[in-house]
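Below are the chains, spelled out letter by letter.
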Amino acid sequence: MVNTSMVQNILLFRLLFRQPSLCKYRYYTQKYAVQDTKEVREPMSLIRNIGMLAHIDAGKTTTTERMLYYAGSIRSMGEVHHGNTVTDFMEQERQRGITISSVAVTFPWNKHRFNLVDTPGHIDFTMEVEQTLGILDGVVILLDGSAGVEAQTVTVWRQAERYSLPTIMYVNKMDRSDADFSLCLDSIRSKLGTHPLSVQLPIHDKGLHGIVDLITLEKLIWDAGKQGLHYKRIKLVPEDELWEEATSSRRKLVEELADIDDKLAEFVIQQESLERVSPDMLVESLRRVTLAQNGVPVVCGSSYKKIGVQSLMDAVIHFLPSPKERNEQLYNCFGNNLCARAFKVIHDDERGPITFFRVFSGKFTKAQKIYNIRQEKQEQTGKLMVAFADENEEVGEVSAGNIAAVTGLKHTVAGDLVTVNASAASAAEKKWKKLSSSGDLFGIRTRVPDPVFFCSIEPPSKSYQLPLEQALQELQREDPSLQVTQNEETGQTVLGGMGELHLEIIKNRILSEYKIEAELGELQIAYKEALSNPVKDTHMVEHRIGSGVHRVTVTLSLIKNEDKDQNILILDRNPDVAANTSAITLKQLQAVKLGVESALTHGTKLGCPVVDVQVMLHWLEVGRGTSETIISASVTQCIRKLLEMGGTYLLEPIMNLEVVTNDENSSVVLADLSRRRALVQGVSNRGQSKIVSVLVPLSELLGYSTDLRTVTSGMASFTMEFHRYQPMSPHEEAKAIKSVTGFDVL
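Residues numbered from 1 in each chain as written. Predicted model: local features only at pLDDT ≥ 70, side-chain atom pairs only at ≥ 80, totals over all residues. Heavy atoms only, no water.

Engineer: Outline the environment of threonine 648, supporting the account with residue identities and numerical values.
Structural biologist: Following the sequence through the fold, threonine 648 ends up in strand S34 (residues 648-662). Looking at threonine 648, the relative accessible area reads 5%, which means it is buried. Along the primary structure threonine 648 and serine 532 are separated by 116 residues, whereas in three dimensions their C-alpha atoms are 4.9 Å apart. Sequence-distant contacts of threonine 648, defined by excluding residues within four places in its chain, comprise Glu529, Ala530, Ser532, Thr604, Lys605 and Leu643. A polar atom in the side chain of threonine 648 sits 2.8 Å from the side chain of glutamate 529. A polar contact of 2.9 Å, which involves the side chain of threonine 648, links it to the side chain of threonine 604. (Helix = DSSP H or I, 4+ residues; strand = E, 2+ residues; numbered from the N terminus. Buried < 20%, exposed > 50% of the residue type's maximum accessible area, 1.4 Å probe, protein only. Contact = heavy atoms within 4.5 Å. Polar contact = N/O pair within 3.5 Å; in protein donor to acceptor, adjacent residues only side chain to side chain.)

Engineer: Pulling in residues and values, what's your account of the pairing of strand S17 (residues 377-380)?
Structural biologist: Across four bridges, the pairing between strand S16 (residues 369-372) and S17 is antiparallel. For lysine 369, the partnering residue across the bridge sits in S17 and is glutamine 380. Connecting the antiparallel pair S16 and S17 is a turn made up of four residues, with glutamate 376 showing a positive phi of about 55°. (Pairing = 2+ DSSP bridges.)

Engineer: For the packing of aromatic side chains, give the residues involved together with the corresponding values.
Structural biologist: This structure, assessed with the given rule, holds seven aromatic pairs. Seen from their ring centres, phenylalanine 357 and phenylalanine 364 are 5.2 Å apart, and the 50° between their planes marks the pair as tilted. Consider the rings of phenylalanine 722 and tyrosine 725, whose centres lie 5.3 Å apart with planes at 55°: the pair is tilted. (Phe/Tyr/Trp six-rings, centres within 6.5 Å; stacked < 30°, edge-to-face > 60°.)

Engineer: Describe the confidence of the model for the protein, and please don't skip the residues or the numbers.
Structural biologist: Mean pLDDT for the protein: 86, with 90% of residues reaching 70 or above. Throughout residues 1-37 the model reports pLDDT below 50, and contacts reaching past four residues in sequence, or to other chains, amount to 83 contacts. (pLDDT = per-residue confidence, 0-100.)

Engineer: Describe the sheet that holds strand S13 (residues 339-348), naming the residues involved and giving the relevant values.
Structural biologist: With antiparallel pairing, eight strands are arranged side by side in an open sheet as S17-S16-S22-S13-S14-S21-S18-S19. Looking at which strands have only one partner, the edges of the open sheet turn out to be S17 and strand S19 (393-394). Pairing of S16 with strand S22 (residues 417-419), which is carried by two bridges, proceeds in the antiparallel orientation. For tyrosine 371, the partnering residue across the bridge sits in S22 and is threonine 419. On top of the sheet, helix H13 (residues 465-478) reaches S13 and strand S14 (352-361); it is set at about 145° to S13, its chief contact. (Axes fitted to C-alpha atoms, helices over the stretch in contact; angles between N-to-C directions.)

Engineer: A description of the pattern of salt bridges should follow, citing residues and the corresponding values.
Structural biologist: Enumeration according to the criterion identifies 34 salt bridges in this entry. Note that arginine 189 is salt-bridged to aspartate 186, the shortest N-O span being 3.2 Å. Taken together, the residues arginine 189 and aspartate 186, both in helix H6 (residues 181-192) and three residues apart, mark about one turn of the helix. Between arginine 677 and glutamate 700 there is a salt bridge whose closest N-O contact spans 3.0 Å. Placement of arginine 677 in the loop between helix H18 (666-674) and strand S35 (679-686) and of glutamate 700 in the loop between strand S36 (689-697) and helix H19 (704-712) is noted, with a sequence separation of 23 residues between them. The partly exposed category is assigned to arginine 677, whose relative accessible area is 28%. Judged by relative accessible area, which is 18%, glutamate 700 ranks as buried. By sharing partners, the salt bridges in this structure join Asp57, Asp144, Lys173, Arg176 and Asp178 into a single network. (Salt bridge = Lys/Arg side-chain N within 4 Å of Asp/Glu carboxyl O.)

Engineer: I'd love a proper account of the sheet that holds strand S11 (residues 231-235), names of residues and values included.
Structural biologist: The strand order S8-S9-S10-S11 describes an open sheet built from four strands, whose pairing is antiparallel. Whereas interior strands pair on both sides, the edge strands pair on one side only; in this sheet they are strand S8 (200-204) and S11. In this sheet, adjacent strand axes meet at a mean angle of 25° when their direction is disregarded. Sheet topology places strand S9 (residues 208-213) next to strand S10 (residues 218-222); four bridges connect them, and they run antiparallel. Within S10, the position partnered with glycine 210 by the bridge is isoleucine 221.

Engineer: Quick one: what's the story with the packing of helix H9 (residues 279-291) against helix H10 (residues 309-319), residue by residue and with numbers?
Structural biologist: Where H9 meets H10, the axes come as close as 9 Å, and the angle between the chain directions of the two elements is 75°. Taken together, H9 and H10 sit at an angle that is classed as roughly perpendicular. Contact with H9, carried on its side by Val283, Leu286, Arg287, Thr290 and Leu291, involves Ile317, His318 and Phe319 of H10 and no other residues of that element. Counted by class, the contact of H9 with H10 contains five nonpolar, two polar and one charged residues. (Parallel < 35°, antiparallel > 145°, perpendicular 65-115°, else oblique. Nonpolar A, V, L, I, M, F, W, Y, C, P; charged D, E, K, R; others polar.)

Engineer: Can you lay out the environment of methionine 313 for me, pointing to particular residues and giving the numbers?
Structural biologist: Relative to the assigned elements, methionine 313 resides in helix H10. Spatially, the C-alpha atom of methionine 313 lies 9.9 Å from that of tyrosine 70, the residues being 243 residues apart in sequence. The residues contacting methionine 313, other than those within four sequence positions of it, are Met67, Tyr70, Phe107, Trp109 and Phe114.

Engineer: Can you explain unusual backbone geometry? Please cite residues and give values.
Structural biologist: In the Ramachandran plot, leucine 217 falls in the positive-phi region, its phi being about 55° despite a non-glycine side chain. Here leucine 217 lies in the loop between S9 and S10. According to the relative accessible area criterion, leucine 217 is buried, its value standing at 14%.

Right, here's the structure in full:
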């Protein structure tokens, strides 16, 4: 047994020497191997790297807390409403009862090692989910048993799909009187477009009494008096009142699996029976289907009532992949060399920045030198730790497949891939190009969403200016969706965020963690600008600096382009000018690109970023001795002149809004939304609630939370997420310009 720390020894002792549990699947067991002092090293088949994803308030943090307790990692279970859970350790999280930051915890279960990441459910913190998905091997998506698939559930499902992550679903809160398991399965099928494969059924007897395991045809009955630590497996018999429903549901499960799993279908055809499929065969089939992402196993329970959590953890072991079953190309490219991806950075008062890594190959060792592939920089690591929320245990080594926390890194940010040195990176890159068809180097592509709100931030006095800048720098490194810029005209620091709550929490963190009473200005909508008409022109610049003369002649055209994957700058390959554009040096081309990027950050209407445009370089003539700075400035001046000539129009952010209300208030909600330029997408029923789905401009939703509570007497709630940018009508554009500048459009 490894002596990683006194705490870990106690945890492993509890796990390995407690009384045999009656609550484990009996399909197969594997040896749990941990060896070498001060090291974290297990066979990869015994590791599960998983994430908990869900709509807000579906029960992710409560479920994680139960997992830690049943694994023996904590002595007592905290509650979100008490503000004492392990993973919600930030002051803002405990005050608000929501998860703001993704948190990694490591614990043992059923002879396996779980590296689990609890993620936020609020759309304002979707970046925390995005930067985590790239290091996971599988995910558990939680549903509220009374609501089914909700707005944010669809968002996290799409995120998981984009990273090709195998998924299982856990229908939580089945103890509620309005919970409906069938409704949840139907919503998975209709809203997510996948096959829900129910492997359990809830047993209701004046509340949730237990669960039927369709794989073994057993009842799982929890002992409510012992914190849900133990439950019994009772074999169903034909005389049982649940027998008919259970056997019918099992036949349906086998039939659905046979439709999407050829191996099981072949066996069913040979046997000419659905009843002869053994539990082992069902587990193997479910695993194949899950790893191929052709279906989603669905389990159920109530984490708050301490029912179903252990069977969920067993399902993770049986249906979700080990590290070796994922990321094979990365393993093959780096061989025995270290390959690790950073997915989170936090700042600790004592230890400084702590960077969290998923180790894909090789091993991470204490005080190791690493090479950042994206930034092409070498850094020296400090302490090496195993993650457990805000308390990390120091170790000497972390092997492939696990999660490590490292101190001492000054430049590495979320999404960066590191290895041992530049030569190892170069060799791996050559192998990657041969093995992979992906355009992204090593498959790295963390999407940073554009901010939808802006506001200024000011320190209480000039003496706090530098501390505030340092605080914002650290917060931006932790949260890439927080955008910090300087307004050139006013000299103000401007924050860009994903929502009102996002920016409010940033302000509160600056106060509570950095002791700076910063003031936020009025919220502004993050408009964008687009080109009205294609335009082309030539611009000539001549500057005398000292004894030298700097001359640039550049011909550019602006073209409408909505393909975001294409390069913003392209070269004219027309035979008439091909000789000129082909002769442009790499330094000159980089200077041109800098000029293009600078010019497109400010449009002509409101100084907003210009999007959906492509710049074509037709001609570039540079005098001898002309600096790259003058080239960039000339390109910027030319593009700004072109924007004036071609004109721009405003684009406003449109939000996908979902309002949950009762039937009595639905007409009031719709009437209020109609005054907000909302486009109704549909009105549906969810139990006794009405679900109103609309597309509405973000500018119409400022203060909507208060307004909705007022018109419905507090009987409604809503969620929203960014949908798209949309052109504004001339009337609305004029109103937006006046609200920002204070002047009417002439």
